[in-house]
Amino acid sequence: MVRIVHDGRRYMLEGHRREGSFLDVLKWQMVGNRARWPRRVRNRSFPPPPRRVDGDALKATWIGHSTVLLQTRGLNILTDPFLSSRASPVPFAGPRRVRPAALKAETLPPIDLILLSHNHYDHMDLPALRRLARRHQAHVVTPHGNARWVISASPAFTIDELGWGGMVEHKGLRVHLTPALHWSKRGLFDANTALWGAFVVETPGGFLYFAADTGFGSGSTFADVRQRFGAPRLSLLPIGAYEPRWFMHPQHMNPDEAVKAHKLLGARASLAIHHGTIQLTDEAIDAPVAALTDALRQHSVDPASFLVPDAGETLDID
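What counts, and where the lines are drawn
Residues numbered from 1 in each chain as written. Predicted model: local features only at pLDDT ≥ 70, side-chain atom pairs only at ≥ 80, totals over all residues. Heavy atoms only, no water. Pairing = 2+ DSSP bridges. Helix = DSSP H or I, 4+ residues; strand = E, 2+ residues; numbered from the N terminus. Contact = heavy atoms within 4.5 Å. Axes fitted to C-alpha atoms, helices over the stretch in contact; angles between N-to-C directions. Phe/Tyr/Trp six-rings, centres within 6.5 Å; stacked < 30°, edge-to-face > 60°. Lys NZ or Arg CZ within 6 Å of the ring centre and 35° of its normal.

Novice: Outline the sheet that holds strand S14 (residues 270–273), supporting the account with residue identities and numerical values.
Specialist: Spatial strand order, S9-S10-S11-S12-S13-S14-S15: seven strands in an open sheet with mixed pairing. In this open sheet, the two edge strands, each paired with only one partner strand, are strand S9 (167–170) and strand S15 (306–307). Direction of pairing for strand S10 (residues 173–178) relative to strand S11 (residues 198–203): antiparallel, over a ladder of five bridges. Bridging across to S11, histidine 176 finds its partner in valine 200. In this fold helix H6 (residues 255–265) packs onto strand S12 (206–210), strand S13 (234–238), S14 and S15, with an angle of close to 155 degrees to the strand it touches most, S13.

Listed below in structure tokens is the structure:
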């Protein structure tokens, strides 16, 4: 069991290395092994997702990075809405996305629930939240310490903050915050003053698991979800931003670890997220998907059970 400790100001993972030091970052940047990404990738054209999906039917649309639209039981759920052109506190500098968001706040169906996992700029996109607030009456569920940022984007949101193990109900769904091996930082001096996490969403048709950003560690975070809730109907698992391993392994899984997580969860289906959108680390833009294909073969996992949709593609989840 992964344990989190709060010293009155900051959260700390017991027995797990946190984010790299300044010297680690400097060492990484000086090595210079970063692959060259294209300047821009065009999205293919797909039919828009439906306005609503009734009953236990489930549809998933990958919008880009960790942003997924999940539709079931007449409700629309959006994960970590990152829709802006940069993951940065300013619009003129910082990591720029090469693949545009497949859907915009204006073209999304009505959003009922937003799962906001932590405060990094590629997951907590305040300009996107402002645009969403103008068009959608959404309920935001987020870990402790993040509501102040959501309120700064718009006071119109209904917000629930949770600790690990916390739960809130929303229109017949039960949303749980579960552990993740990651960290938080929004400014220069606020590292780990806000909590981070993953989500389990219980629905009458089976539960959904959103891993958000996480390292693999011993795999216990995934085994614990399986033990507590059973096997997810659908898990959203990150496969990108993992090189170099000496630096990134505490906070980001690689594709091989994502397949191990898929197996530990016993997921009926998993969907690849956190790749192919914005260059945060050294690997090439197409490396995660290629490595995922290899890992599925090496672990004797049916490739049809680990989905890699194109941006904007809506999949029916069996």
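Novice: Just give me the short version of the packing of aromatic side chains, but keep the residues and values in it.
Specialist: Counted by the stated rule, this structure contains five aromatic pairs. Measuring from centroid to centroid gives 5.5 Å for tryptophan 246 and phenylalanine 247, while their planes differ by 50 degrees, and the two rings are tilted. Cluster of aromatic residues (ring-pair linked, three or more members): Tyr209, Phe216 and Phe222. Of note, arginine 97 hangs over the ring of phenylalanine 82, and the distance from its end group to the ring centre comes to 4.6 Å. Above the face of the tyrosine 121 ring, arginine 186 is positioned so that its terminal group lies 3.8 Å from the ring centre.

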